[in-house]
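Fold and geometry: a report
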Amino acid sequence: MKDFLGENYVHCGEVVQLPLEFVKQLCLKIQCERPESRCDKDLDTLSGYAMCLPNLTRLQTYHSAEHRPILCVEIKPKCGFIPFSNDVTHEMKHKVCRYCMHQHLKVATGKWKKISKYCPLDLYSGDKQRMHFALKSLLQEAQNNLRVFKNGKLIYGCGDARSPVADLKELAHHLKPFFFPSNGLASGPHCTRTVIRELVHVITRVLLSSSDKGRAGAPRLGLRGPRVCEASPFSRSLHHQGKNTPEHSGLPKGCLLYKTLQVQMLDQLDIEGLYPLYNRVERYLEEFPEERKALQIDGPYDEVFYQKLLDLSTEDDGTVAFALRKVQQYRVAMTAKDCSIMIALSPYLQGTSSDQRPVIPSSRSRLTFSVSVLDLDLKPYESIPHQYKLDSKIVNYYSKTVHAKDDTVRATRFKEREDCTLVLHKV
Ligand SMILES: O=P(O)(O)O[C@@H]1[C@@H](OP(=O)(O)O)[C@H](OP(=O)(O)O)[C@H](O)[C@H](OP(=O)(O)O)[C@H]1OP(=O)(O)O
Ligand SMILES: Nc1ncnc2c1ncn2[C@@H]1O[C@H](COP(=O)(O)OP(=O)(O)OP(=O)(O)O)[C@@H](O)[C@H]1O
């Protein structure tokens, strides 16, 4: 992931050894804090090893002890493109993005209470207006896609699966000293709006900033497929006004969103095209189970593994090698579709010689920032059949309920229009 996303954004951490008794106690202690939906997963209490990562809610580019206040916005942007693969069988998947379709299933199954107006394609568009809309939507309905930390403590977003920690007014109260340090803003709804707008503008600028070039040989995939999701409320509202959504002004090539999208697009075939290839690998492994290690299904994720990922040809020669390459590329893409971006912001202290970090000016203050990526452990090979079933569940649910409802609304509107037809006769 360092090779794909760049040195500065990825923190590998280090493997540390822990006493087994300590891990056992830790596991018991945190169990009651874990969201119900995560309780099917356990800490590894048997290996005696753990990953030690830096605290990414803090600024990452400077090592001295930090005493100044720090704000951190965590965004889990999810998949930013609409599949372009010819293997896609559901027409809907070429029009509406997976996140927007999945929202309906999530609400129906009780994971979240309300459909979010956030659409990843708006965030990844590079168009400032669309990005602002996406970020405002995330703030309104954070779900597990947005969290805000102040001095390392969660102040906004969902603490567990469903309970929000605070509302926008409280969030604005926390943010005000960062964006309006010399005050000058009366409290009230106007102040909340102004502060939130400031946050949205600063996050947009940080997301569009480029600070890391990544590895020169990393693949460059041309953006394919529609750049607008038909379900995005932003696009729908422009459409109703008879305007076109500005497609995208393009993400700068060095920015993290662009790089993340590139890795996501290693999923060239979509799960529908990938699943038969997964089955080919499975059949081979059933016959030759001892080959699992040589195929690097469970790692090591080293240079050899990385180099194979760079072959983007999609011509299937019927070999296991081709199927395996596509499976591994898919796993990497899935990881990038589920990672989080941590944006740490802190007031810029003028005249501090140690402050070498990039600076973002907001309208009344200046902030230093660092950007990191979180949750980059490779998605398991075994999750592919689950992905396949889930994909079809998401699309079927969306097509049957939401799209059918849309059709009814359209039909009613058409009927109404028919009832009011104005007929002009020659006189
Ligand atoms: O499949 P998705 O898109 O629902 O993503 C899952 C996430 O749900 P989300 O849609 O973000 O609410 C899900 O998020 P939550 O745990 O529900 O917050 C996980 O990140 C899951 O990854 P893993 O299986 O735990 O490694 C994610 O599963 P993967 O698909 O990444 O394996
Ligand atoms: N290094 C870190 N610095 C700051 N916050 C972190 C760090 N690692 C994890 N977090 C916080 O914890 C949350 C969960 O982390 P992560 O997604 O890596 O865990 P996970 O592997 O999905 O957890 P689970 O144990 O539930 O499977 C993140 O969304 C983030 O808010």
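Residues numbered from 1 in each chain as written. Chains lettered and ligands numbered in written order. Predicted model: local features only at pLDDT ≥ 70, side-chain atom pairs only at ≥ 80, totals over all residues. Heavy atoms only, no water.

Heads up, the condition is: UniProt positions are given in the numbering used here, feature names are shortened, and annotations may be inferred rather than shown by experiment.
In the annotation of an unreviewed UniProt entry, the protein is listed under the name Inositol-pentakisphosphate 2-kinase and assigned to Mesocricetus auratus. Per its UniProt entry, the protein bears the Sequence similarities (unreviewed entry) comment "Belongs to the IPK1 type 2 family." Quoted verbatim from the Catalytic activity (unreviewed entry) heading of the UniProt record, the comment on the protein is "1D-myo-inositol 1,3,4,5,6-pentakisphosphate + ATP = 1D-myo-inositol hexakisphosphate + ADP + H(+)".

1. Re the site of ligand 2
Heads up, the rule is: Residue proximity to a molecule or strand is established when one non-hydrogen atom of the residue lies within 4 Å of it. Pairs of N or O atoms are called polar contacts if they sit within 3.5 Å, as long as, within protein, a hydrogen donor faces a hydrogen acceptor (for residues adjacent in sequence, only side-chain-to-side-chain pairs). The nonpolar class holds Ala, Val, Leu, Ile, Met, Phe, Trp, Tyr, Cys and Pro. Asp, Glu, Lys and Arg form the charged class, and all remaining residues, Gly among them, are polar.
Taken together, 14 residues form the shell around ligand 2, and within it Arg38, Pro54, Leu56, Glu74 and Asp375 come nearest. At 2.5 Å from an oxygen atom of ligand 2 is found a side-chain nitrogen or oxygen belonging to Glu74. Classifying every residue of the shell around ligand 2 gives six nonpolar, two polar and six charged.

2. As for the nonpolar core
The nonpolar side chains of soluble globular proteins are, as a tendency, buried together. Quick reminder of the rule: Among buried residues, those of type Ala, Val, Leu, Ile, Met, Phe, Trp, Tyr and Cys that are joined through side-chain atoms within 4.5 Å constitute a nonpolar core. Three labels apply to residues, based on accessible area from a 1.4 Å probe with only protein chains included: buried if under 20% of the type maximum, exposed if over 50%, partly exposed otherwise in between. Here a strand is any run of E in DSSP of at least two residues, a helix any run of H or I of at least four, and the numbering for each starts at the N terminus. The contact criterion used is simple: two residues touch if any of their non-hydrogen atoms lie within 4.5 Å.
Formed by 84 residues in total, the largest nonpolar core has its most connected members in Ile75, Leu146, Phe179, Ile203, Leu207, Leu257 and Leu345. No other element matches helix 7 (residues 189–208), which puts ten residues into this core. The contact partners of Leu257, leaving out residues within four places of it in the chain, are Leu123, Tyr124, Met131, Leu207, Leu251 and Ile341.

3. Re the site of ligand 1
Defined as follows: We get accessible surface area from the Shrake-Rupley algorithm with a probe of 1.4 Å; when it comes to residues, only the shown protein chains can shield them.
As a matter of local geometry, ligand 1 sits amid 14 residues, with Arg38, Lys106, Lys111, Asp338 and Gln387 nearest to it. Here an oxygen atom of ligand 1 sits 2.7 Å away from a polar atom, N or O, in the side chain of Asp338. Surface burial for ligand 1 is 78%, taken as the share of its 600 Å² of free accessible area covered by protein chains. Of all the elements in the fold, those that place two or more residues in the shell around ligand 1 are helix 3 (98–108) and helix 13 (384–419). The greatest single-element share of the shell around ligand 1, amounting to three residues, is contributed by helix 3. Per-class residue counts for the shell around ligand 1 are two nonpolar, three polar and nine charged.

4. Some remarks on the sheet that holds strand 7 (residues 359–361)
Rules: Only when DSSP finds a minimum of two bridges between them are two strands counted as paired. Orientation is described by axes fitted as lines to C-alpha atoms, over the contacting stretch for helices, and by angles from 0 to 180 degrees between their N-to-C directions.
If you walk across this open sheet you meet the six strands as 5-4-3-6-8-7, and the pairing is antiparallel. The outermost strands of the open sheet, each flanked by one partner alone, are strand 5 (153–156) and strand 7. Strand-to-strand twist in this sheet, taken as the mean axis angle between neighbours without regard to direction, amounts to 35°. Note that strand 6 (residues 340–347) and strand 8 (residues 366–374) share eight bridges and pair antiparallel. Residue Ser346 lies in a different strand from strand 8, and its bridge partner there is Thr368.

5. Observations regarding the pattern of salt bridges
Put simply, the rule is: Whenever a carboxyl oxygen of Asp or Glu lies within 4 Å of a side-chain nitrogen of Lys or Arg, that contact is scored as a salt bridge.
Across all of its chains, the model carries 15 salt bridges by this definition. Note that Glu7 and Lys2 form a salt bridge whose closest N and O atoms lie 3.8 Å from each other. The exposure class assigned to Lys2 is partly exposed, which follows from its relative accessible area of 27%. Here Asp298 and Arg292 are joined by a salt bridge, their closest N and O atoms 2.8 Å apart. What you see here is one network of salt bridges that share partners, running through Lys76, Lys78, Asp338 and Lys379.

6. Some words on the packing of helix 6 (residues 168–179) against helix 7
Put simply, the rule reads: Less than a right angle of anticlockwise turn of the near helix away from the far helix marks a crossing as left-handed, whereas a clockwise turn marks it as right-handed.
Interhelical geometry of helix 6 versus helix 7 gives an angle of 65° and a closest axis separation of 9 Å. At the point where helix 6 passes helix 7, the crossing takes the left-handed sense. The residues of helix 7 that touch helix 6, namely those facing Leu168, Lys169, Leu171, Ala172, Leu175, Lys176 and Phe179, are Cys191, Thr192, Val195, Ile196, Glu198, Leu199 and Val202. For the contact of helix 6 with helix 7, a count of residues per class yields ten nonpolar, one polar and three charged.

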